[in-house]
Every structure is written in structure tokens, then in C-alpha cells.
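# Observations on the three-dimensional arrangement
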Amino acid sequence: MPEFCDVALPVPLDMAFTYGVPAGAAPVVGGRVLVPFRQRRMTGIVVEVHDRAPTVKTKNILSTLDSSPVLDEALLRLGQWIADYYLAPIGEVFRTMLPLGAEFKRAVSYRITAEGRMALHLAGMSGSSARARRTPDEQAAEFRALDYLGMQEADSAERTAVTEQKLRSATHVSRLILGGMVRKKWIEREDVSDVRDAMSTIKVALLKSAEGKLTGNQRTIIEILAASGGRLPVTNIRELDVPRTTLSTLVKRGLVEVLDEPVAPVQSRSKPRPSPFAFDFNSAQQSALTRVREAVDAGKFSGVLLHGVTGSGKTAVYLAAMRAVLEAGRSAILLVPEIGLTPAVAADLHQIFGDKVAILHSALSDKERAQQWHRIRNGEARIVVGTRSAVFAPVSDLALIVVDEEHDASYKQEETPRYHARDVAVMRAKMANAAVVLGSATPSLESYFNATKNKYALIELPDRVEQRPLPEVEIIDMRQEVQETGQEQVISRKLVAEIKERLERKEQVMVLLNRRGYSPVVLCRACGKTLECRNCAIALTHHKREHKMICHYCGYLAPVPKACVHCGSEYVYFLGTGSEKLEELLHGMFPQARIARLDRDTVRGHEDFERTLNALSEGELDLLVGTQMIAKGHDIHGVTLVGVVGADSALGLPDFRAAERTFQLLTQVAGRAGRGQSPGKVVLQTYFQDHYAVQYAAHHDFSGFYEKELRFRSWMHYPPYSALANVLFRSLKLDEALEWSGAMGKWFEQNRHEGVRVLGPASAPIMRLKRDYRYHFVLKSASREKLNRTLRAMLVHATAQKIPRTQIIVDVDALWLM
């Protein structure tokens, strides 16, 4: 048996840690172990077992959690590739790959020390009993905690530890105060975190017998159970108008048995759409399916870009290919960009594949994610649908990965590890000799460029299914609207008329405004200053329903000002329009219409999303207002008009991808119109009607946009002509951020980095975010290898300069430079 094992821990350090293996323990590579790390307990992944004795004294692992790997050899290799490519600590990569947080319970306990007992004794000697203290000051709180811990110890024959949760509940002492008491050595803190059973269970009552004399309440429960087939969740019984003790009495008499049963797997509440196989595939779809199946059957890596206009039947091609994979006894993964798309797609998959489907996304609880993960690993589910983290699903015999809406920015994770799920999907397929299909009506320039260079096979679906026409797009110049009406308009006269006409015809309308809240800016007309977030260099947004000013970056809340916070003037004006205000305006214009809003403020979980979309699909809503959440992939046949309000505002951002993002958003939201039997129309309001992104989107001309945008990218050496990384230095102190970025700027100047262009240092466009001051560099290179080498050398130098690794963000293939 090996004496040592190397463990990857979820800490921001680019290394594994060596631990001793005690007698009886049998760690396996790819399995989890519980280990001590500094003053904490943590779970990590074993990356190697060996007999090489380290030069320093090692701690032993506390326990092994798995007898077989939770990350097989293929997933370990994929994790190592992510760590190398995105310069991310391997332990943090593995933590992202495993949604098993529910199986580890973090807990802390406290004990009183001799110093603490002395402090408590001296307080008693001074005549100020800790028990009598009820003032909210810090000293009183400390003595309440000491008093409680002392009493717990007095009631026990040995030193007793009390959990943090129990201590804080009994004494109302904050973590900050407990931390101070630890530093004074009045109490000892111990991490007692351990594994736990994460299986979601539900208590179920089973009817065993109905014989014997029964009271009225007991008879009610027995009759309900009998009518339910002899089995009913206890929560349903407790909703009855009977005492809670009645069920306990029936259990004692042996008439009813209560058992813990596993909760049924999560299923979408969305109503399934008509089966895609109920329609005949057109020739383009049939050709696309044939080519995808050939790629799967080849048994080697193959990349396919499926470029089809909105409504061309791409989803039907995906599902048919996945059905063929399942029939062959193999597995497939379908990635969708937004949680909002997951329910509809999952409903389709449940309809076609039954219980062979698993869902993975962030809106599930920790226990639900763990449950789904185990279903996949055990082979119960061979079809997986989910957002970006589903790319790590532990399927066996992987044959196909589909990345729907592959252009979408939400596939890029904005925290460590900053991976792009589309690129990870391509690499996983390559490692597994599987096929990967990237699908979109508006492919990213990088993917389309790769297809034109024959790195991917390009498949086109140029027409909508059943020969339905693409929607007509009418551009409204809002500059001219202001001149003709004499005032700023949120909704143009043309859009109002078109909405009125659709409502009269009992048709449905979607209106996009990609800005949350009621008013995005609060301005003082006396001093000219805006109300900014305390933590960020960003204006607070007015949310009228919540009567709050909210920062959309850090979540900071402030009251709605009645006077300017800077000069005290009462001339405070709320400027601009968000989706909440747009909804209010539409209610005022069309009081009889049934209107709903879909944005991050109205959607708190996937159930809210499903409820709203189901209402729209069932014809229970006339008009849906929303942000970009309504623009992606939804197939609502009753929508014949889409209004776009201010979607071109992104063109003013200092971002080289601004035009691409605007074109994609306009094209995608336009594609929601006319997907049924009635033709669709789009009314596109803009202040930039001559911009090429707006014009090409209005004409559904992806090729034209691609050629023009590609020329700009080539002139400026931006992707796809080079690899790009954004390196950001951040600190709570402005001087530190300046010092660190200045030191790295000198290092870049003094050291030659062949083939790598370095821009910066410069303040980030959003200079302060979540209390951190931010300065950044942008690195570009035609060679990914040279870029990676330069970034690694930079991190080595930063470590030598004692710049904390946690204060450096390295974002390879960055999508957001703000």
C-alpha cells in the first residue's frame, strides 16, 4: 500500500499537496479524501499515490470518501488541460467539475480555554455578572459567549465543544466577535467539517391496516391514504385540518408506517412542444442529420458547425442525432446557454427519451445537483442537458456533444476557473474521439472562421421549416422621432400602432429592452452629479417596485434619494428607461392587455421562468417585456411581432466585440417572430440606423456582417486572428493597484516577449468594482503557445514581487474587457 498521496485542494495555489496515508486507508486516484489544511478541513481530489517521502513532515488524510474514482482518467486529463490552458489552480478546476458540495457539511466548534475561564472569573469577581448583561456592546457579547461555553463544560465531565450554529443561536454573538475571542485565546476554534448523506429524501406515509376503532381525525387520514392508493407524502397529510399528533398515534398503533424515500429526479414543468419527429424533415435538415450521424459513427473526433437561420429546425436535428446515439447504447450531452432554455429543451428530451435524461444547471439545489450527477455516473441517465457546467457530466461512452447557441457569452465563466464551455466541449470530444456540434443562427466569428479554414465541417440550414418566411424588419430612426414629436420617446408611434394591431387580432407580442430596473441614472440638475454605488464606479439603478437603488454589479442597496446626496438640492431627476418602466408604460397604453415581464428581477428561479413561458405558450399572455432573456431560443408560435427598444446601446461600449454582440442580439430576438403559421414582423428602434451591425441584422445577412467585421478584426489583430488574454490587477487600495500594475508594466517593457503584443497598463473601463480598484493589460499573440508562456512568466515574476495571486485575474480568451 502506498504511503503517500498528492491531493488537489480548492485553494488559489498552482500545486498539489502531499499527505500521508494511514493504515487502513485506501485512497484512489480521482477519488475524494478529507484532509486537514491549515486550521480547516477540506475535501480534495487524489491526483497520485506513491511512496516518495517528501522533505518536510506531512499530515495524514483524515478519511477516504470514495472507493472508486469520481473523476475518471478522461475527466482528470480534461481538468489538467483546463488548468494549463486557463492558468487556473487545479484544485479549483476539480471543484468546478464536481457538483457534490451537498455531500460535505462545513461546521466549526468552539471550546472555552483556561484564559477564557479566568476572564469570566474576573468579570464575576468585579460584580458584573455576565448573565445579567443584556447591553449590545462587544464586551457584553464576549462574556455571554464565555458564560454559555462555561456552563456547557460544567454540565459535562470533559471539555465540551459547541458548534458555531448552536453558540450563535444561544448568545446572538457575531462571527466577528468570535474571531476576536479566538485571537485573545479565550476560546479555541476547531473545524469539524465532515461528509454527510446528500440523498434528497421525502417522508411518505404507507397504509398498513384500516381495522380497529378510529376517531374522526384518524378516519380522515385513513380515508385519504386509501383514496391515494395507500401512499401519500407526509407533507400532504399535514395540510389536512387534523392535529399533527394524529398521524403519530396511527404509527404507534401499527396502522400507518412512515418511511424515508428518495425524491424523484427533477423534471421540467414546461409543457412539451409538439414532437420534432411529428414533422417531415426538409432536405436541408435530412442532409444535416446524415452528416452529423456519419461524424458520430466514424468513431473519431469530428467538429461540426451547424449554421441555420432562426426557426430552421436545428433543435430537431440535435434531438434526432441524440436519439440515434441513445439507440446505439452510447451517451450524449446537450449544452444550452441560459437556465431559461433548459426547461423547454428538457421537456422535449423527457418526451422523447423518458427517464434517460438528467438536468444540470445552477438553479438546482446542491442536493438536486448531486442526485442528478449520481444518476449520470451510475448509467441511469445517458442524455444530459444543462448549462456550461454540464460539459463535465460523468457520462460513459460519450459519442456526441451539442453546444446550442454556441456564440452565447454565458458559456464563459467569469470566475476562476475562467473556462469557455464551448472550447472545453471541443477538447472533451477530441479526447473522447467523439463528435461535437456547434449550432447557432449567429455563430461567433471565431467558430465561423474555423469552419471556413476547414477546422470544422460547415453545415448550412438557410431556410425556415415548412417554408415559413423570415420576419420583415422595419427600422425606426429615433432621432427623427424626437424631431417630429418634439420630445424623447421610449416607444415610437409606429411600434405603438403595430402592437395595437396585433392585440386586436389576438396575436402575441414580445418587446425587448436590454436594461433592468426602472431608471438607470439618478442625476442632480444642480451639481450635475449622479448617485453612484459605494463599492463600484457605476451609477445605481432605480427599482421602483422594490423602492430601492440597486447596483447591478455588487448588489449594494441604497434608499431612493429625495434630495441630492452631494449638494442637498431637491432637483433630483430619474433618467432613462429600464424594463420595469417599459412594462409600466405598456400597461398605461394597453390597459386591457395581459402583460408580463421577464428579467433577473422577476425570475428568482427556474420555476418563475417556466411559469411565464408556459403562460405565453398557452396564450394566457398578450405581451411579454424583457431583457435578453427573451431573445434566446424560445419557440412561441403565437408571437407575430417583436419590438426592439434601445438594443443598440451596446455599440457605445469600449469593447471590440460590441458590433458582434449587437448583431447577434438583434438577429436572435428578431427570430422569435413568425415561428408559427402567421408571418412575423420586427420593429427595430435605433439611434444608429446606419451602423453596419443594425443594417445587416435587419436584412438577416450573417455573411455580409461576418466579412465586414472580419476586416476590422484583421486590421487590429483581434480574434480570430490572434489569441487574447486580459490580465487585471486589483486591490482595495488604489496605491497598491497602481504599484502592482506599474511594476508589471516595467517588467513587460524590460523583457522581450517575441510574438506577443502588450497593451497597458491602463485603468479598466469600470475602474472600481466590488470595492476593488482595477488596472489591466491586454495581451495579443498569433501563437497561443507564446501567449501562455508569457503569462506564466508574468505570474512567476508577480510571485517574486510578492503580489498576491488572488489579486491577479488572468482571463484567457476574454469576452469581457470592462
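Please refer to the structure higher up on the page.
Quick notes on the rules
Residues numbered from 1 in each chain as written. Predicted model: local features only at pLDDT ≥ 70, side-chain atom pairs only at ≥ 80, totals over all residues. Heavy atoms only, no water. Helix = DSSP H or I, 4+ residues; strand = E, 2+ residues; numbered from the N terminus. Rg over C-alpha atoms; globule rule 2.2 N^0.38 Å. Buried < 20%, exposed > 50% of the residue type's maximum accessible area, 1.4 Å probe, protein only. Contact = heavy atoms within 4.5 Å. Lys, Arg positive; Asp, Glu negative; His and termini not counted. Charge placed at Lys NZ, Arg CZ, Asp CG, Glu CD. Salt bridge = Lys/Arg side-chain N within 4 Å of Asp/Glu carboxyl O. Pairing = 2+ DSSP bridges. Axes fitted to C-alpha atoms, helices over the stretch in contact; angles between N-to-C directions. Polar contact = N/O pair within 3.5 Å; in protein donor to acceptor, adjacent residues only side chain to side chain. Phe/Tyr/Trp six-rings, centres within 6.5 Å; stacked < 30°, edge-to-face > 60°. Disulfide = S-S within 2.5 Å. Parallel < 35°, antiparallel > 145°, perpendicular 65-115°, else oblique. Nonpolar A, V, L, I, M, F, W, Y, C, P; charged D, E, K, R; others polar. Patch = residues over 30% accessible without salt bridge, like charges linked within 9 Å, V, L, I, M, F, W, Y side chains within 5 Å. Areas by Shrake-Rupley, 256 points an atom, 1.4 Å probe, with all protein chains shown as cover. Expected span 1.5 Å × (residues − 1).

This part takes up the overall build of the chain. Each helix and strand counted, the chain has 24 helices and 35 strands in total. Here the C-alpha radius of gyration of the chain, 30 Å, is about what a compact globule of 818 residues would show, namely 28 Å. Expressed as a percentage of its 818 residues, the buried residues of the chain come to 52%. By sequence separation, contacts in the chain at least 24 residues apart represent 75% of the contacts at least 6 residues apart. The averaged location of the 95 negative side-chain charges in the chain is 4 Å from the averaged location of its 107 positive side-chain charges.

On to the pattern of salt bridges. Evaluated as defined, the whole model comprises 40 salt bridges. Note that Asp622 and Arg594 form a salt bridge whose closest N and O atoms lie 2.9 Å from each other. Separated by 28 residues along the polypeptide, Asp622 in the loop between α19 (606-617) and β29 (623-626) and Arg594 in the loop between α18 (579-589) and β28 (595-598) bring together distant segments of the chain. Arg594 gets classed as partly exposed once you look at its relative accessible area, which sits at 39%. What you see here is one network of salt bridges that share partners, running through Glu474, Lys494, Glu498, Glu501, Arg502, Arg505, Glu507 and Lys681.

Moving on: the sheet that holds strand β35 (residues 808-812). Strand order in the open sheet formed by 4 strands is β33-β34-β32-β35, and the pairing between neighbours is antiparallel. A single partner strand is all that each edge strand has here, and the edge strands are β33 (756-769) and β35. On average, each strand axis in the sheet is inclined to that of its neighbour by 20°, with strand direction left out of account. Both strand β32 (residues 723-731) and strand β34 (residues 772-781) contribute to a ladder of 9 bridges, which runs antiparallel. Pairing of Leu724 across the sheet is with Lys780, part of β34. Against the sheet, helix α24 (residues 784-800) makes contact with β32, β33, β34 and β35, and its axis sits at roughly 15° relative to β32, the strand it touches most.

Here we take up the pairing of strand β15 (residues 331-335). Within β15, 5 of the 5 residues are buried, which leaves it mostly tucked inside the rest of the structure. Where burial is concerned, the two faces of β15 agree: the one with Ser331, Ile333 and Leu335 and the one with Ala332 and Leu334 are both buried.

Our next topic: the environment of Thr640. With respect to the helices and strands, Thr640 occurs in strand β30 (residues 639-644). Judged by relative accessible area, which is 2%, Thr640 ranks as buried. Considering only alpha carbons, one finds Thr640 and Lys681, 41 residues apart in sequence, at a separation of 6.2 Å. What Thr640 contacts, discounting residues up to four positions off in sequence, is Arg502, Glu507, Gln508, Ala673, Gly674, Ser678, Pro679, Gly680 and Lys681. Of the polar contacts made by the side chain of Thr640, one reaches the side chain of Arg502; its length is 3.4 Å. In this structure the side chain of Thr640 is engaged in a polar contact, spanning 2.7 Å, whose partner is the side chain of Glu507.

This part takes up the packing of aromatic side chains. Summed over the entire model, instances satisfying the criterion amount to 19 aromatic pairs. Aromatic side chains Phe656 and Tyr718 sit 4.2 Å apart centroid to centroid with 5° between the ring planes, which places their arrangement in the stacked category. Taken together, the positions of Phe656 in the loop between β30 and α20 (658-670) and Tyr718 in the loop between α22 (702-716) and β32 put the pair 62 residues apart, joining distant regions of the chain. Of the two residues, Phe656 and Tyr718, both sit in the buried class.

In this section: the state of the cysteines. The full count for this structure, using the stated rule, is 0 disulfides. There is no disulfide at Cys564, and the cysteine sulfur nearest it, in Cys524, is 3.7 Å away. On the accessibility criterion, Cys564 (8% relative accessible area) is buried.

Turning our eyes to something else, we now look at the side chain of Ser722. Looking at where Ser722 falls in the secondary structure, it is placed in the loop between α22 and β32. A distance of 2.6 Å separates a polar side-chain atom of Ser722 from the backbone oxygen of His717. Setting aside its immediate chain neighbours within four residues, Ser722 contacts His717, Lys780, Ser781 and Ala782.

Taken together, the 5 strands give an open sheet; going across it, the order is β2-β1-β4-β3-β5, and neighbouring strands pair in antiparallel fashion. Across the chains shown, the open sheet's two edge strands, defined by having one partner strand only, are β2 (17-20) and β5 (63-64). As defined by bridge partners, strand β3 (residues 32-37) adjoins strand β4 (residues 40-50) across 6 bridges and the pair is classed as antiparallel. When the bridges of β4 are listed, Phe37 appears paired with Arg40.

A pair of packed helices can be characterised by two numbers: the angle between their axes and the separation between those axes. In contact at an axis separation of 11 Å, helix α15 (residues 445-452) and α22 are set at 100° when each is read in the N-to-C sense. Accordingly, the angle class assigned to the pair α15 and α22 is roughly perpendicular. Contacts from Leu445, Tyr448, Phe449 and Thr452 of α15 reach α22 at Phe702, Ser703, Phe705, Tyr706, Glu709, Leu710 and Arg713. The class makeup of the residues in the contact of α15 with α22 is 7 nonpolar, 2 polar and 2 charged.

On to a nonpolar patch on the surface, then. Among the surface-exposed residues, Tyr553, Leu653 and Trp816 lie close enough to one another that they form a single nonpolar patch of about 260 Å² accessible area. On the secondary structure map, Tyr553 appears in the loop between β25 (548-550) and β26 (557-558). When its relative accessible area of 36% is taken as the criterion, Tyr553 is described as partly exposed.

So, on to helix α1 (residues 73-85). In this model, α1 (13 residues) spans 18 Å end to end at C-alpha, consistent with the 18 Å of a helix rising 1.5 Å per residue. All of the buried residues in α1 are Leu75, Leu76, Leu78, Gly79, Trp81, Ile82, Ala83 and Tyr85. Looking at the packing, one finds that the buried side of α1 touches β4, α2 (90-97), α14 (421-432), α24 and β35. Its side-chain oxygen placed 3.2 Å from the backbone nitrogen of Ala74, Asp72 serves as the N-cap of α1. Positive phi appears at Leu87, one or two residues downstream of α1, with a value of about 50°.

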